[in-house]
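# Examination of the molecular architecture
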Amino acid sequence: MTSPVADSTSTHKHPPESLPYSHSSKAPVPSVQPDRPDKPEEACGVFGLYAPESEVAAMTYFGLFALQHRGQESAGIATFDDSRIHLYKDMGLVSQVFNEDILAKLPGYMAIGHTRYSTTGSSKIANAQPLQIATKRGDFALAHNGNLVNAAELRAELREQGVSFETTIDSEAIALALGLEVNAGYDWIEAASRAFKRCSGAFSLVVGTPVGLIGARDPNGVRPLVIGRLPQTGRYVLSSETCGLDIVGAEYVRDVQPGELVIINESGLESKMWADEPNKKMCVFEMIYFARPDSLFNNETLYSYRKRLGRQLAAESKVEADIVIGVPDSGIPAAIGFSEASGITYAEGLIKNRYVGRTFIQPTQAMRETGIRMKLNPLKDVLDGRRVIIVDDSIVRGTTSRKIVKALRDAGAKEVHMRISSPPVTHPCFYGLDTDNQDQLIAAKLSTEAIAKQIGVDTLGYLSEAGMLEVTQDDVDGFCTACFSGKYPIPVPQLLQRSKLMLEEVASHRVGAITPVLEAPMEATEREPLPV
Ligand code: SF4
């Protein structure tokens with residue numbers, strides 16, 4: 001079926017008869033989520049490969065398909081052949097944006113791709129990625145996962161250097177900073193290093209340049225980026241997660257290190273540390289919830305880590321019950337671990353409608369009132385008369401938890417004990433995950449007892465921060481835990497803090513009103529050439 005947003009027909013940069021289309025002429029059809037997940041929502045997934053022997057567009061399509069959980073609002077692929085960049089991007093899921101005809105018109109020896117959930121800037125086609133920039137040494141295309149905390153300052157600096165912006169996303173500032181350094185005469189690696197040094201925050205990047213595919217991570221390595229290799233050809237692949245490697249048959253080689261830059265081309269892979277003081281602070285929430293359970297971290301699947309979280313949770317937060325169930329899908333591994341450690345039988349108590357994603361049809365009011373049933377349906381036979389432990393990976397606003405608990409009770413559960421395989425989320429994320437503002441985070445406002453009452457459980461228990469870190473079986477200082485602890489490893493400018501740290505502001509009376517930092521959305525315009 002053709003997506004309502006997939007038949008883009010215009011371009012602002014290329015002749016209309018040929019791909020790529022940089023922008024859709026049609027206004028995107030607004031999508032609705034019947035029940036917005038009560039979880040932080042991921043920013044983006046990135047993918048790239050240098051593989052002249054392969055159909056790079058099709059492989060990038062499948063890479064993005066595997067990374068779809070990281071962003072569902074827009075998708076884009078840029079391919080590189082000898083003469084030009086071919087770019088196609090549009091609003092929608094990867095499978096809605098691309099079809100065989102479009103992929104066939106994206107030739108090349110190298111490709112990068114991006115799937116996006118909007119954390120900065122509004123959700124519209126002008127903000128979709130990859131971004132294409134012209135320089136005096138040829139065009140390049142860039143795709144970014146993460147969030148800069150100095151985006152406003154960097155944009156202001158770049159404007160002073162004479163550049164103009166056509167999107168509202170921070171990724172464009174990184175791209176334009178790189179373009180300026182190239183135009184200033186630096187080679188691509190030096191230019192990239194110099195541009196990245198102007199950026200503060202989280203950035204995992206894939207950049208297609210005339211000299212090859214660049215992959216890079218910020219000095220803290222907040223967002224993941226892994227390197228894989230195609231066994232038949234030895235060519236390299238970059239992906240946000242290893243699930244993107246698996247789908248194209250690439251073998252996991254290693255992570256791009258925090259502060260590292262790799263360049264991949266005909267000569268193979270070269271590495272350079274661009275950051276002076278790398279200091280790993282990987283997002284622990286990636287491991288708890290965001291990344292796919294089949295993706296690898298430290299050479300084991302996150303499924304195994306999440307099971308260990310459940311075992312630790314059982315040790316820390318015992319309760320007598322008849323069965324343990326998990327909230328599908330992300331709470332299941334921890335529920336299994338909880339069951340193993342506690343000896344309480346694991347059961348499936350909630351069945352997920354696997355085909356619920358975004359819908360273009362609004363649910364009726366009556367359907368909304370039935371709560372979560374569009375997504376999750378309780379198994380009455382399993383739950384009736386039982387004392388139930390329900391395990392979830394996190395509680396953000398608490399709205400979904402309340403609906404789930406009600407559904408369990410409606411299905412006859414005698415007691416409901418909720419166990420959460422992470423600590424209370426008390427602080428917003430500034431590094432590329434869309435957590436709510438602090439005043440919407442239930443644990444920022446209420447005690448655990450008060451949350452238990454509000455969501456209607458008999459008992460509620462969270463995992464400790466120490467327990468969460470201990471079971472990583474890694475250096476516990478190597479993680480960002482700011483949304484649980486408020487300790488932000490990358491300093492967040494005060495103006496940006498004010499946009500999300502509502503409660504802290506109210507408490508300290510520092511400001512009377514909250515000022516949004518990001519600029520108002522802009523309409524896309526023809527990009528002006530970078531100053532040379
Ligand atoms: S604040 Fe939380 S979600 Fe954001 S990077 Fe840190 S651990 Fe991850």
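Rules behind the numbers
- Residues numbered from 1 in each chain as written.
- Predicted model: local features only at pLDDT ≥ 70, side-chain atom pairs only at ≥ 80, totals over all residues.
- Helix = DSSP H or I, 4+ residues; strand = E, 2+ residues; numbered from the N terminus.
- Buried ≥ 20, exposed ≤ 12 C-beta atoms within 10 Å, placed from the backbone.
- Contact = placed C-beta atoms within 7 Å.
- Core = buried A, V, L, I, M, F, W, Y, C linked by C-beta atoms within 7 Å.
- Domains from an automatic or database assignment.
- Expected span 1.5 Å × (residues − 1).
- Near = placed C-beta within 6 Å.
- Nonpolar A, V, L, I, M, F, W, Y, C, P; charged D, E, K, R; others polar.
- pLDDT = per-residue confidence, 0-100.
- Pairing = 2+ DSSP bridges.
- Right-handed = clockwise from strand over helix to strand, strands pointing away.
- Axes fitted to C-alpha atoms, helices over the stretch in contact; angles between N-to-C directions.

The helix and strand tally for the protein chain stands at 19 helices and 24 strands. For the protein chain, buried positions account for 55% of its 532 residues. Long-range contacts, defined here as pairs at least 24 residues apart, represent 71% of the contacts in the protein chain between residues at least 6 apart.

Along helix α10 (residues 332-342), eight of the 11 residues are buried, which leaves the element largely enclosed by surrounding structure. Within the span of α10, buried status applies to I332, P333, A334, A335, G337, F338, S339 and S342. Check the buried side of α10 and you find it contacts α9 (302-316), β17 (323-326), β18 (345-346), β21 (387-392) and β22 (415-420). Within two residues after α10, G343 carries a phi angle of roughly 80°, on the positive side.

Counting 156 residues, the largest nonpolar core has I174, A192, V324, V388 and I390 as its most contacted members. Here this core gets eight residues from one element, more than from any other, and that element is helix α5 (residues 170-183). Counting contributing residues per domain, this core is built from domain 1 (46-281) and domain 2 (305-352 + 363-489), each supplying no fewer than three. Filtering out sequence-adjacent residues up to four positions away, V324 remains in contact with A335, F338, S339, I344, T345, Y346, I389 and V391.

A word on helix α13 (residues 399-410). Look at α13: 17 Å from first C-alpha to last across 12 residues, which is about the 16 Å you get at 1.5 Å a residue. Taken residue by residue, α13 has T400, S401, R402, K403, I404, V405, A407 and L408 as its buried positions. Buried residues in α13 make contact with β20 (376-378), α12 (380-383), β21, β22 and α15 (448-455). One or two steps after α13, the chain reaches G412, where phi turns positive at roughly 105°.

This next bit is on the environment of V425. Along the polypeptide, V425 turns up in the loop between β22 and α14 (442-445). On the basis of neighbour counts, which here come to 25 C-beta atoms within 10 Å, the residue V425 falls in the buried class. Considered as a pair, V425 and F484 are 59 residues apart in the sequence and their alpha carbons are 4.9 Å apart. Excluding residues that lie within four positions of it along the chain, V425 makes contacts with S394, I395, V396, T435, L441, A443, C483 and F484.

Residues in close proximity to the ligand total 12 residues, the closest being C283, C429, C480, A482 and C483. Breaking the shell around the ligand down by element, the ones donating at least two residues are α8 (284-290) and α17 (482-485). Across the shell around the ligand, the residue classes break down as 11 nonpolar, one polar and no charged.

On to the confidence of the model for the protein chain. In this model, the protein chain carries an average pLDDT of 86, and 83% of its residues clear a pLDDT of 70 or more. The low-confidence segment residues 1-36, where pLDDT is below 50, has 72 contacts with residues more than four positions distant or belonging to other chains. Counted against residues more than four places away or in other chains, residues 506-525, with its pLDDT under 50, gives 26 contacts.

Now for the pairing of β22. Among the six residues in β22, five count as buried, and that is most of the element. In terms of strand pairing, β21 meets β22 through six bridges, oriented parallel. Paired with I389 across the two strands is H417, which belongs to β22. At this point the chain moves from β21, through α13, to the parallel β22, and the crossover so formed is right-handed. Sheet analysis places β22 next to strand β23 (residues 459-462), joined by four bridges and oriented parallel. Bridge pairing links M418 to L460 in β23.

Pairing is antiparallel across the open sheet formed by six strands, whose spatial order is β5-β6-β7-β8-β12-β13. A single partner strand is all that each edge strand has here, and the edge strands are β5 (131-133) and β13 (268-273). Averaged over all adjacent pairs, the angle separating strand axes in this sheet is 20°, with direction ignored. Note that strand β8 (residues 212-217) and strand β12 (residues 260-265) share four bridges and pair antiparallel.

On a regular strand, one side chain projects to one face of the sheet and the next to the other, so that they alternate. In terms of strand pairing, strand β9 (residues 226-229) meets strand β10 (residues 236-239) through four bridges, oriented antiparallel. Across the sheet, I227 pairs through a bridge with L238, a residue of β10. Connecting the antiparallel pair β9 and β10 is a turn made up of six residues, with G234 showing a positive phi of about 75°.

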